[in-house]
Structures are given as C-alpha cells and as structure tokens.
Amino acid sequence: MTRRVTSVTFRGLGAGISSCQDPWVYISHVSSRCVCVSLQGLVLGVFEKEGEEGSLHLTEAAAGFDQTLSGKLSELLKISGPAIKKGKSRIFYGLHEDFPCVAVVGLGKNSVGVCGAENWDTSKENIRQAVSAGCRSLQDLEVNHVEVDGCGDAQSAAEGAVLGLFQYDQLKSKKKTKVTAQLHGSADPGWEKGVLYAEGQNLARMLMEAPANHITPTAFANTIEEKLAPHAERVTVNKRSQAWIEEQQMGAFVSVSKGSEEPPVFLELHYNGSPDSKQAPLVLVGKGITFDSGGISLKPSSSMDAMRADMGGAATVCASIVTAAALKLPVNIIGLAPLCENMPSGKATKPGDVVTAKNGKTIQVDNTDAEGRLILADALCYGHVFNPRAIVNVATLTGAMDVALGSAATGVFTNSDWLWEQLHKASVVTGDRVWRMPLFQHYTRQVTDSQLADLNNIGKYSRSGGACTAAAFLREFVTAHHWAHLDIAGVMSNKDEIPYLRKGMSGRPTRTLVEFAAGLAHHG
C-alpha cells in the first residue's frame, strides 16, 4: 500500500531515517520532506533464555539486524514491556530505512524438539505459530511485502508465513491486503520447500472453502488440471465421464451421483516422478462429494453449508500431487478422485436399494447419507489395477470420527504396521497429527450382516463406533497388503485450534501426505 503526503519539514532529528507519528510516512534527511514508499515489513524471532525468567535470546538473523542498529532492537525489547510470549508478536516502527515496520515474535524455548506426548516437533510448531502471528500483525497494518527470519528452520518459517496469510475472500468486495513473503538473509532451499508445502495446503483450503455452485465436479477437475499444466511432462490427467464410470461397472459410485443434475467425474492423475518407470506407484484415493445434502436421508439444515467441503479427501489428495509435481519428487503417484454431488430427487437412490460395486459385491443402502464409503469402494477396487506399493484413501467420512478425536488428529485405520509408521513419522514433521484407530472383526460383522445383500452401508447393531464400522466397510474392497484409510472429518475445519490457520476449512492433512510421499521417494 502507498499513502501520499504533502511535504513536511522537521527539526532536531538525529542521523538516518526516523518515523513520524504515522508509520507509513518516512522523513528523508536529505530532502527534508516526507517521501511516500510502499510499506515493507520484517519478522524477526526471539527465544526464551533457558533458566532466566523474562529474558530473551535473539535468533541469528535478529542478532545481525540488531547489530546494524547498534543494539537499538535489544534496547527496545528490554524497555517495551514483558518478554514476548511464545506465539505472540510486538511491532516496532521506524527502526530501519528498508523495514519501517518490524514484528518481533516469540519462539518459546530453543531446546525443545519432538514431543512424544503431543506427537509433533514442538520447535517446528513454535516457529510456524510465531511467524504466522508476525505476518498477520503486519498484514493488519496493510504491509504488502514481508521478509521473514528463518528462525533456524526456514521450511517451518515459510509454512507459517504462507499458511498464516491465506484468506479465502475471492467473492468479497473488501479483501485482505495481499502480502508477499520472502526469506530474510541468505538463501535456504528449505524456504522454497516450505512455500510449496503451504501453497499445496492452501490449494486444498481454497477448494474446500469455495461454494458448491462454484466447485462442481467438473469445475474441481478443471481446476486441478490447470494447476498441473506446468508439470505436463511428468503428469497425465484423465477426466473420466459418466459413460466411462458405467463401463467400469462402478455401480456404488453411480448410485450416489444419480440424484444430482451435475454429471459425475472420475478424476485420475498420474504423476511419474521416478526415474524407474517400473516403480510401483503410491495410490492416493480421495472422497470427492462436492456437496452432500444426505440424499433421500436428508441432513438437518443446520450447518449443511459446511458440506461444500465434503470433497476434502479429494482436495487434499489432488493438492498433494500438485505439490509433489512442483517439488519434482522422485516417486510415482496415482491420484483417484470420484467426484459427484449427493442430492435428493426422483432419480436418487432410496433407502433399502441394493447396488453392485466394481468387485461384484452387492450393497444394501440403508442410509443414503453414508455415501462416501460407496464412492470410495469403487475407487479402491479400481486402484488395485495399478499394482500399487500402497493405497491410502482420505475422506471426510464420519461424524463419529469428530466425536472420537475432535480436531486434534486424523484417524488412521490400516492393515499395515509399516504404512502406519511412515504416516506417523511424516505427521510428526508437519505437526498435522495422525492417530491409529482399531480395525477389529467386531466392526466387520456389523457391515456384513445384511438382509438383502452382501454388505450394508451402515452398522446394523449399533450406532456406536461409527468411524470403525465405516473403515470395516472399506476394507471389504481392499486386497492390498499396505492400505490405510484416513478419516479427516474431525480436522475438516479450523476454529482456533491451529493458530497458524485462520477460521475456515483447514486443508489438512495435505502437508502430511506430501511428506509421506517424499519419505517413500527418498527412503523407499
């Protein structure tokens, strides 16, 4: 932003650049006039000193900046109030010609690392939270360019900046100031990596947040195709039509889409990043219900608008493949996203109807609002065609998962200890936690006891353990030795649980999927 002022004389100012009362106006000692410039900001970090209550320790970048000011920053920190708390920021004006606004942020203790109780790297999370707070405080001042202290972990700093500044306001007349962020000081490849990770999650957030009349199945597929266009040499995009879906005998998928006027799309993405063309691919499957009314088993109207994000599984899967392509990860990934709406109409599937999945199993549909497992069933069957090294499906599948874990973690159901270890390791790095859930035969009996068909799409004996029952249903369509089902219903949205994400759809766990794929690429 630029604010124009008339010339102003000054008296008695010291050498260098000083600030007027308005932080957007700067006094030049050469011209004796206030000169209008675009506002730039700087975010610097400070750690708490071990064993010294209220004392602070500057990061390397902050110490260097302080040295250029002959210790002025340290002096101001001492006299400006209590020590800056972890995740909080304090702004100083007029300290430097290039950075008229400087946000100093609290990073907590420097000695913390992986916390077993929290299942994340506390240092990384502290950096993300602090940098996000600093960037937002400068954004509120309508600063349009920010340089960010890497704080000893440039990737986490970049993630905090880019995730923290995201705001879905495309459809609003009044928009937040658009802020560009770059690393302060010398180049660090971790910064660019962090930007790509965060931009991937922001893509998922955008898709999930946008209204359902803007992100239809066709619009979703077109958006992903557009995002992958710069990587065409490594990526193939297939947007399969309803005719193809029917030809593949995906009767469960078709049964969900029947009630809508919007045609279904089966989006198939192939990212060929491995130099070994014969390398078995990682298959990612995402639930893509672009709006879920519940169908004939209609949902209550309260909060139904949030069901525009019921394609969060597809959004995170596709966004992770876009990110993998941007990072040029040396791994082969196939993404599958069955996309449709779940709507009531005279053509819609009715409770009690029986449909046939791709693998020939028949399903009694007793509740049309348990539709996600139906479209995933056919997609999982199709995924086996590629002889994958692992299959991971992601879905906002059950409200029961939100009841069980809330927004603290994604629930993971898996038949593979190895796959669980890889996903868990990735989540510790990203701070986007996962938690292993049980796959007992007890739940399988609930979905295989159907009056009319091989399976029932809801548990017959009890509503208890709904997330586990849904996972047991999906397992009926899996023969792969390494399969995981991620139920992300509880982490679909963010209120204030994750400080570096604003209120709204979260895009979780996109970064964990990317980190997981990167782990497979580099370690096999």
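None of the values given here were measured: they were computed from a predicted structure.

Novice: Honestly, the domain arrangement of the protein chain in this entry has me stumped. Any pointers?
Specialist: As far as domains go, the protein chain holds domain 1 (40–187) and domain 2 (199–522). Taking only C-alpha atoms, the centre of domain 1 and the centre of domain 2 are 36 Å apart. Listed as interface residues are 23 residues of domain 1 and, on the opposing side, 22 residues of domain 2. Carbon and sulfur atoms supply 57% of the area buried between domain 1 and domain 2, which totals about 2100 Å² over both sides. Sorting the residues of domain 1 by area buried against domain 2 places Asn119, Leu163 and Phe166 first, and these three jointly supply 33% of that buried surface. In this assembly, domain 1 and domain 2 are joined by two salt bridges. Our enumeration of links across domain 1 and domain 2 arrives at 17 residue pairs in polar contact (both at pLDDT 80 or more). Split into classes, the residues belonging to the side of domain 1 that touches domain 2 amount to eight nonpolar, seven polar and eight charged.

Novice: Is there a simple way to explain the environment of Phe99 in this structure?
Specialist: Residue placement: Phe99 occurs in the loop between strand S6 (89–93) and strand S7 (101–109). Residues within four places of Phe99 in sequence aside, it is in contact with Gln40, Gly41, Leu42, Phe65, Glu147 and His184.

Novice: Just to check I follow, could you spell out the pairing of strand S17 (residues 353–356) for this structure?
Specialist: Bridge analysis of S17 against strand S18 (residues 362–365) gives four bridges, and the strand direction is antiparallel. In the sheet register, Val355 faces S18, and the bridge partner there is Ile363. Linking two consecutive strands that pair antiparallel, namely S17 and S18, is a turn of five residues; a positive phi of about 90° is found at Gly360 within it.

Novice: Is there a simple way to explain the packing of aromatic side chains in this structure?
Specialist: The relative placement of two aromatic rings is captured by the distance of their centres and the angle of their planes. Overall, the coordinates contain eight aromatic pairs when judged by the stated rule. Ring geometry for Phe266 against Tyr382: centres 5.5 Å apart, planes inclined by 90°, an arrangement best described as edge-to-face. With Phe266 in strand S13 (residues 265–272) and Tyr382 in helix H10 (residues 372–383), this residue pair connects regions lying 116 residues apart in the sequence. Comparing Phe266 with Tyr382 shows no difference in burial state: the two are buried. Aromatic pair Tyr382 and Phe386: ring centres 5.4 Å apart, planes at 90°, arrangement edge-to-face. The pair Tyr382 / Phe386 is uniform in exposure class, with both members buried. Among the aromatic side chains, those forming a connected cluster through ring pairs are Trp244, Phe253, Phe266, Tyr382 and Phe386.

Novice: Explain the nonpolar core to me, please; I cannot follow it from the model alone.
Specialist: Among soluble globular proteins, nonpolar side chains are generally buried collectively. By size, the foremost hydrophobic cluster in this structure holds 64 residues, and its most contacted members are Leu207, Phe220, Ile224, Leu267, Tyr271 and Val392. In terms of residue count, helix H9 (residues 312–327) provides more of this core than any other element does, nine residues in total. Among the nonpolar cores identified, the runner-up in size contains 48 residues, and Ala357, Leu376, Ala377 and Phe477 belong to it.

Novice: How should the UniProt feature "domain: Cytosol aminopeptidase" (unreviewed entry) in the protein chain be read in this particular structure?
Specialist: When the UniProt feature table is mapped to this numbering, "domain: Cytosol aminopeptidase" (unreviewed entry) covers residues 367–374. Structurally, residues 367–374 is divided into 38% helix and 0% strand, and its ends, taken at the C-alpha atoms, are 11 Å apart.

Novice: Explain the environment of Pro100 here, please?
Specialist: Residue position: Pro100 is located in the loop between S6 and S7. For Pro100, a relative accessible area of 4% translates into the label buried. For the pair Pro100 and Gln40, spaced 60 residues apart in sequence, the C-alpha to C-alpha distance is 6.7 Å.

Novice: Help me out: how do you make sense of helix H6 (residues 217–228) in this one?
Specialist: An α-helical segment advances 3.6 residues per turn. Residues three or four places apart therefore align on the same side. Given a rise of 1.5 Å per residue, 12 residues ought to cover 16 Å, and the 17 Å separating the end C-alpha atoms of H6 matches this to within 8%. Considered for burial, the residues of H6 that qualify are Pro217, Phe220, Ala221, Thr223, Ile224 and Leu228. Seen along its axis, H6 keeps its buried residues to an arc of 160°; they face one direction. Where H6 is buried, its residues touch helix H5 (189–209), strand S12 (235–240), S13, strand S15 (288–292), H9 and strand S16 (332–342).

Novice: Hey, could you run me through the side chain of Ser255 in this one?
Specialist: Following the sequence through the fold, Ser255 ends up in helix H8 (residues 251–257). Side-chain polar atoms of Ser255 contact the backbone oxygen of Ala252, separated by 2.6 Å. With residues near it in sequence (within four places) discarded, Ser255 still touches Thr349, Val355 and Leu374.

Calculation rules
- Residues numbered from 1 in each chain as written.
- Predicted model: local features only at pLDDT ≥ 70, side-chain atom pairs only at ≥ 80, totals over all residues.
- Heavy atoms only, no water.
- Domains from an automatic or database assignment.
- Contact = heavy atoms within 4.5 Å.
- Buried area = accessible area lost by both parts, 1.4 Å probe.
- Salt bridge = Lys/Arg side-chain N within 4 Å of Asp/Glu carboxyl O.
- Polar contact = N/O pair within 3.5 Å; in protein donor to acceptor, adjacent residues only side chain to side chain.
- Nonpolar A, V, L, I, M, F, W, Y, C, P; charged D, E, K, R; others polar.
- Helix = DSSP H or I, 4+ residues; strand = E, 2+ residues; numbered from the N terminus.
- Pairing = 2+ DSSP bridges.
- Phe/Tyr/Trp six-rings, centres within 6.5 Å; stacked < 30°, edge-to-face > 60°.
- Buried < 20%, exposed > 50% of the residue type's maximum accessible area, 1.4 Å probe, protein only.
- Core = buried A, V, L, I, M, F, W, Y, C linked by side-chain atoms within 4.5 Å.
- UniProt positions renumbered as here; feature names shortened; annotations may be inferred.
- Expected span 1.5 Å × (residues − 1).
- Arc of directions from axis to C-beta.

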